[in-house]
Amino acid sequence: MSELPYIEILILLMAIILICLLLSIKNRNPLAADVRWVMVSVLVPMIGNIIIASATSEEMGQMGYTLFFIGTNLFFYAMMRFTADYCNYDFNRTKHQYAVLALIIADIISVGTNFITGFVFTLHRVLGPGHNVFFIMHGGTGYVLHMVLSYLLLAIVFGMLIYKIFHVSRLYIEKYVVIFVIFLISVAWESYYMFVVLYYRPIDTSMIGYGICVLLIYYFSLFYSPVMLLGHMSQRVVSDLETSIFFFNSDRKCIYANPNAQRMFHITSLTLDKTVPLLHSLFDYCDEDLYSDFTREVHIGSRNSASERYYRVQYHRLHDKKSRCIGGFFSLTDHTAETKKQNEELFHSRHDSLTHLYNRDYFSELVRQELDDNPDTIYLMTVSDIRDFKLVNDIFGTDVGDGILRQIGATMAQYARKGTIFCRLENDQFALITPKADYDEAFVLEYLNDISHNSGDVSYPLVIHTGVYEISEPDISVSVMIDRAVMAIASVKNEWQSKVAYYDNNLRDNLIQEQRLTASLDEAIIEGQIRPYLQPQVNSEGKIVGAEVLARWIHPERGFLSPGEFIPVFEKNGMIAKVDKHMWQCACAILRKWQDEGIDLFLSINISPKDFYFVDIYQTLTDMVSAYGISTKKLRIEITETVMMNNVDNRLELIDKLHAAGFLVEMDDFGSGYSSLNLLKDIPVDVLKIDMAFLNETKEKEKAKSILKSVIELSEQLKIESLCEGVETREQAAMLKAMGCKMFQGYYFSKPIPPEDFRARYLSKN
Ligand code: C2E
Ligand code: CA
Ligand code: CA
């Protein structure tokens, strides 16, 4: 040992420690301060040892040993602080720390005053193996106390480390064992010198051990990252992942599959070689793909089936620091649940929940896209609407109504040709867009017919009206296109058969006209633009017995308007009640005048089907009659045949009340709608107004004539007076008279004329 250049080695170690000390200044590790204290404190006993080793006088020896003992106190204390922080114990500023400090200070005082007291040690000069002089220490009581303190400190340090080693996860043991072992070796080395060697040799080579120990502590606590721990952690993460992971080596052989991957593909760590062909077959990649990273969305199984799955497949190559490939990993994330949920949400946002057809918004989006993508194609926007669907819901219940709508959806899907987009707009309206070249009205009617006779459980032929707008202005909004098709429907609204109607700009103009008429109605009534015209009703002797009051609008801009131009408009929006009340009032005024002049004629007024919803007919008429002081006998009330058919009980009640008040009730337009002879015996009308229209048009005139004859005879038997309207020729009049008809009305006798003309023509002669 004596050959070792001991002092030089210590100086070299001290120099290295100093360099490390400087390097650690910038270290941000929270342990850095503790480590610096350890490094600084170890220098003191090292210097002490160097002085002892080179002491030439007793004073130098004294100084060396004093420094050495004080230095070990400081070093052990620094080690204790470091260990406490390293092991995360609360030590600083605790009672324990202060107690230890007090003991250390006491020991330092005892050591520091040794040159006077000799309490700790005394020195003896000895001659070394060569010619050197050494000072050997002989410990006194103070030395024992010093040693007790030193081992107490060491025991605390080891205790802390051992406790940690037994109480942390195995993954962390490495961290404590390293420090424990290094320090243990150093302490053992030192103890050997303390108790064995130092009694005959002053050179304590164990300081080399402490120096190295401090350097290792410096490295392990500030720079070493626990590879085993990281490895374990990474593996834990990978094996706990819900993603399936496969590791490949640089030969593209599978070397690891995490538990999830093993479960999913029924492989084990022993059958990893099966992985590659499996991945090949499932995700359709080739070996070349593994030369670069990729991400792929994979969909397996048919849509909405139980086996349907969605995966995100990723391959990522791994490189070392010099960019050499060390392999790669393949990850497979099953996001079936999220994707299905997303798909479902998307479906709901785009589809109608009842029929599963597209909804209006998504349809509009698709139409806009289709039009923009095909600027040279002409398309048709078609909207179908079920007539009186509210009635279907009302009569059969909404469940049946929903069933019908679903059935329509299914029929549409079945008939839809390629290139058509269709949807349920709302309620009972369905829209469809198709290239004009593919459009065929016969096909549409066939399809409408199919729908109307396949409406689920109900054997009720639906009437479906379809409006078609040829998209001549593809730049207008889809919603306006739909409106135009709906406008076309309005033109066939009153048809009782499924019909297809086409939009043209007149329709729009008409709609605008209608809106204008509606807006100016109140003013027109006040200003007397809406006037009664009278059409005479004559008896079988040709004598005038009364007249029908028919409305005319003398419009300030558009001139003479016949009822066909405005009555249907107001029937549609319910304003007809205003017109009617005005006409009834006019009739009462004329009757009052006639009554005053002693003219004994009656007037027939028209009641629109809509009046039943908007006016209390009985109350209004009785009030008017009494206000004008005229006889109810002179005011006859025309109610159309169709009105009589709906809501029969209410109608009967009303007719009874009107009869009781003295009015006569006429059934208007008999023969124009669903005439039912049965109805005649149930409804107590006084006059049957037979519509001649069917006689004019029909080919089988003879048959029609015999029906007409039967109707007239039947009404006679039922004591109902028959009146034929629309009589245009002398022949017709003669024929009807021969058949037994009691009254006549028609152009043959007179067109409807203004009351002044009526008076001039018929009443002045009387
Ligand atoms: P309506 O009640 O059936 O009235 C008879 C219609 O037949 C009248 O047409 C009349 O001018 C027409 N007419 C009379 N004789 C002949 C004929 O020989 N040949 C032909 N081809 N037609 C004839 P108008 O005045 O144009 O009225 C049409 C319809 O308008 C009326 O049919 C009625 O339903 C409705 N209407 C007219 N005025 C009113 C009214 O004040 N209130 C209500 N609610 N409806 C009215
Ligand atoms: Ca009438
Ligand atoms: Ca009529």
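Note that the coordinates shown come from a computational prediction; the quantities given were computed from them, not determined experimentally.

Colleague: Quick question: what am I supposed to make of the overall build of the chain here?
Modeller: Scanning the chain from terminus to terminus reveals 29 helices and 21 strands. The C-alpha radius of gyration of the chain comes to 56 Å, more than 25% above the 27 Å expected for a compact globule of 766 residues. Expressed along its principal axes, the backbone C-alpha trace of the chain runs to roughly 175 × 65 × 45 Å. The burial tally for the chain puts 46% of its 766 residues in the buried class.

Colleague: Would you mind going over the site of ligand 1 with me for this structure?
Modeller: Taken together, 20 residues surround ligand 1, and among them Gln535, Arg552, Asp580, Glu728 and Tyr747 come closest. Measuring from an oxygen atom of ligand 1, one finds a side-chain N or O atom of Asp669 at 3.2 Å. In isolation ligand 1 exposes 780 Å². Once the protein is present, 76% of that is buried. If you list the elements that add at least two residues to the shell around ligand 1, you get strand 14 (544-555), helix 19 (563-573), helix 20 (576-597) and strand 18 (664-670). Here the element with the most residues in the shell around ligand 1 is strand 14; it accounts for four residues. Class assignment for the residues of the shell around ligand 1 results in eight nonpolar, five polar and seven charged.

Colleague: Explain the packing of helix 3 (residues 58-86) against helix 4 (residues 95-112) here, please?
Modeller: Two quantities define a packed helix pair, namely the angle between the axes and the distance from one axis to the other. At a closest axis distance of 9 Å, the pairing of helix 3 and helix 4 adopts a crossing angle of 170 degrees. Considering their axes alone, helix 3 and helix 4 lie roughly antiparallel with respect to each other. Packed against helix 3, whose contacting residues are Thr66, Phe69, Ile70, Asn73, Leu74, Tyr77, Met80 and Arg81, the element helix 4 presents Gln97, Val100, Leu101, Ile104, Asp107, Ile108, Val111 and Gly112 at the interface. Across the contact of helix 3 with helix 4, the residue classes tally to 10 nonpolar, four polar and two charged.

Colleague: Hey, could you run me through the coordination of the calcium ion (ligand 2) in this one?
Modeller: Each donor-metal-donor angle in an ideal tetrahedron of four donors is 109.5 degrees, and each such angle in an ideal octahedron of six donors is either 90 or 180 degrees. Coordination of the calcium ion (ligand 2) by the protein is provided by Glu548 (OE), Asn606 (OD1), Glu638 (OE) and Asp668 (OD), with metal-donor distances spanning 2.1 to 2.4 Å. Mapped onto the sequence, the donors of the calcium ion (ligand 2) take the spacing E-x57-N-x31-E-x29-D. The metal-metal distance between the calcium ion (ligand 2) and the calcium ion (ligand 3) is 3.8 Å, with Asp668 coordinating both. Of this pair, Glu548 sits in strand 14 while Asn606 sits in strand 16 (residues 602-607), and the two are 58 residues apart along the sequence. By relative accessible area, which is 4% here, Glu548 ends up buried.

Colleague: Even after reading the chapter, I still don't get the packing of aromatic side chains, so can you show me in this structure?
Modeller: The geometry of an aromatic ring pair comes down to the distance between the two centres and the angle between the two planes. Taken as a whole and judged by the stated rule, the model has 38 aromatic pairs. Between Phe75 and Tyr210, the ring centres sit 5.1 Å apart and the planes meet at 70 degrees, which makes this aromatic pair edge-to-face. Taken together, the positions of Phe75 in helix 3 and Tyr210 in helix 8 (residues 206-222) put the pair 135 residues apart, joining distant regions of the chain. Each member of the pair Phe75 and Tyr210 is classed as buried. Grouped by ring-pair contacts, the aromatic residues Phe75, Phe76, Phe158, Phe180, Phe183 and Tyr210 constitute a single cluster. The lysine or arginine in question, Lys175, covers the ring of Tyr86, its NZ or CZ lying 5.0 Å from the ring centre. Against the face of Phe602 rests Arg636, its NZ or CZ located 3.6 Å from the ring centre.

Colleague: Sorry, what's going on with the domain arrangement of the chain here?
Modeller: Per the domain assignment, the segments of the chain are domain 1 (3-228), domain 2 (241-340), domain 3 (351-503) and domain 4 (529-765). Placing the centre of domain 2 and that of domain 4 at their C-alpha centroids yields a distance of 87 Å.

Colleague: Help me understand the coordination of the calcium ion (ligand 3) in this model?
Modeller: Summarising the metal site, the calcium ion (ligand 3) is bound by the protein donors Asp668 (OD), Asp669 (OD), Glu725 (OE) and Glu725 (OE), whose distances to it range over 2.1 to 2.7 Å. Here the donor residues of the calcium ion (ligand 3) are spaced in sequence according to D-D-x55-E. Exposure remark for Asp669: the relative accessible area of 25% places this residue in the partly exposed category. Overall, the relative accessible area of 13% leaves Glu725 in the buried class.

Colleague: Explanation requested: helix 29 (residues 755-763) in the structure shown.
Modeller: Three- or four-residue spacings in an α-helix give side chains the same orientation, since the helix completes a turn every 3.6 residues. All of the buried residues along helix 29 are Phe758, Tyr762 and Leu763. Seen along its axis, helix 29 keeps its buried residues to an arc of 75 degrees; they face one direction. Across helix 29 from its buried face, at more than 90 degrees, point the exposed residues Glu756 and Ala760. Those residues of helix 29 that are buried lie in contact with strand 13 (530-539), strand 14 and helix 20.

Colleague: How should the side chain of Gln97 be read in this particular structure?
Modeller: Mapped onto the elements of the fold, Gln97 is located in helix 4. Excluding residues that lie within four positions of it along the chain, Gln97 makes contacts with Tyr77, Arg81, Phe91 and Asn92.

Colleague: Any chance you could explain a nonpolar patch on the surface here in plain terms?
Modeller: Nonpolar side chains collect at one region of the surface, where Tyr172, Leu230 and Met233 lie side by side and expose about 260 Å² of accessible area between them. With respect to the helices and strands, Met233 occurs in helix 9 (residues 227-240).

Colleague: What is the right way to read the packing of helix 18 (residues 505-526) against helix 20 from this model?
Modeller: Their axes nearest at 10 Å, the elements helix 18 and helix 20 cross at an angle of 10 degrees. The angle between helix 18 and helix 20 places the two elements in the roughly parallel class. From helix 18, Leu521, Asp522 and Ile525 reach across to helix 20, where they touch Lys578, Val579 and His582. Taken together, the residues of the contact of helix 18 with helix 20 break down into three nonpolar, one polar and two charged.

Colleague: Can you help me understand the sheet that holds strand 5 (residues 294-300) in this one?
Modeller: Note on sheets: strands pair through backbone hydrogen bonds, and any given pair is parallel or antiparallel. As summarised here, the arrangement of the five strands in space is 4-3-7-6-5, forming an open sheet in which the pairing is antiparallel. Unpaired on one side and paired on the other, strand 4 (254-257) and strand 5 mark the two borders of the sheet. Recorded for the sheet is a direction-independent mean angle of 20 degrees between the axes of neighbouring strands. One ladder, built from three bridges, connects strand 3 (residues 244-248) with strand 4; its direction is antiparallel. Opposite Phe246, over in strand 4, you have Ala257 as the bridge partner. On the sheet, helix 11 (residues 275-283) packs against strand 3, strand 4, strand 5, strand 6 (309-319) and strand 7 (325-334) and is oriented at approximately 70 degrees with respect to strand 5. Contacting strand 6 and strand 7, helix 12 (residues 336-350) crosses the sheet at an angle of about 130 degrees to strand 6.

Colleague: Before we go on, may I ask you to explain the nonpolar core in this structure?
Modeller: A general feature of soluble globular proteins is that nonpolar side chains tend to end up buried together. The biggest cluster of nonpolar side chains holds 73 residues, and the ones touching the most others in it are Trp594, Leu621, Leu736 and Phe758. Here this core takes 10 residues from helix 20, the largest share from any one element. In this structure, Leu736 is in contact with Met692, Leu708, Ile712, Cys724, Val727, Cys741 and Phe744, ignoring residues within four places of it in sequence. Judged by nonpolar contacts, the second largest core, of 69 residues, contains Leu10, Met80, Met160 and Met194.

Colleague: Would you explain the pairing of strand 6 in this entry?
Modeller: Every other side chain in a regular strand lies on the same face of the sheet, so the side chains alternate between the two faces. Bridge count for strand 5 against strand 6 is seven bridges, and the pairing is antiparallel. Within strand 6, the position partnered with Arg296 by the bridge is Val313. Across nine bridges, the pairing between strand 6 and strand 7 is antiparallel. Within strand 7, the residue paired with Val313 across the bridge is Leu332.

Colleague: So what exactly am I meant to see when it comes to the pattern of salt bridges here?
Modeller: Opposite charge on two side chains lets them pair, provided their charged atoms get close. Within the structure shown, the criterion is met by 24 salt bridges. Notably, a salt bridge pairs Asp388 with Arg387, separated by 3.8 Å at the nearest N-O pair. Given a relative accessible area of 14%, Arg387 falls into the buried group. Salt-bridge contacts for Lys436 lead to Glu470; the nearest nitrogen and oxygen are separated by 3.2 Å. One end of the pair, Lys436, is in the loop between strand 10 (429-435) and helix 16 (441-453); the other, Glu470, is in strand 11 (residues 464-470), with 34 residues separating them in the sequence. Judged by relative accessible area, Lys436 falls into the partly exposed class, the value being 38%. Connected via shared salt-bridge partners are Glu548, Glu638, Lys689 and Glu725.

Criteria and cut-off values
Residues numbered from 1 in each chain as written. Chains lettered and ligands numbered in written order. Predicted model: local features only at pLDDT ≥ 70, side-chain atom pairs only at ≥ 80, totals over all residues. Heavy atoms only, no water. Helix = DSSP H or I, 4+ residues; strand = E, 2+ residues; numbered from the N terminus. Rg over C-alpha atoms; globule rule 2.2 N^0.38 Å. Buried < 20%, exposed > 50% of the residue type's maximum accessible area, 1.4 Å probe, protein only. Near = heavy atom within 4 Å. Polar contact = N/O pair within 3.5 Å; in protein donor to acceptor, adjacent residues only side chain to side chain. Areas by Shrake-Rupley, 256 points an atom, 1.4 Å probe, with all protein chains shown as cover. Nonpolar A, V, L, I, M, F, W, Y, C, P; charged D, E, K, R; others polar. Axes fitted to C-alpha atoms, helices over the stretch in contact; angles between N-to-C directions. Parallel < 35°, antiparallel > 145°, perpendicular 65-115°, else oblique. Contact = heavy atoms within 4.5 Å. Donors = N, O, S within 2.8 Å, 3.2 Å for Na, K, Ca; no water. Phe/Tyr/Trp six-rings, centres within 6.5 Å; stacked < 30°, edge-to-face > 60°. Lys NZ or Arg CZ within 6 Å of the ring centre and 35° of its normal. Domains from an automatic or database assignment. Arc of directions from axis to C-beta. Patch = residues over 30% accessible without salt bridge, like charges linked within 9 Å, V, L, I, M, F, W, Y side chains within 5 Å. Salt bridge = Lys/Arg side-chain N within 4 Å of Asp/Glu carboxyl O. Pairing = 2+ DSSP bridges. Core = buried A, V, L, I, M, F, W, Y, C linked by side-chain atoms within 4.5 Å.

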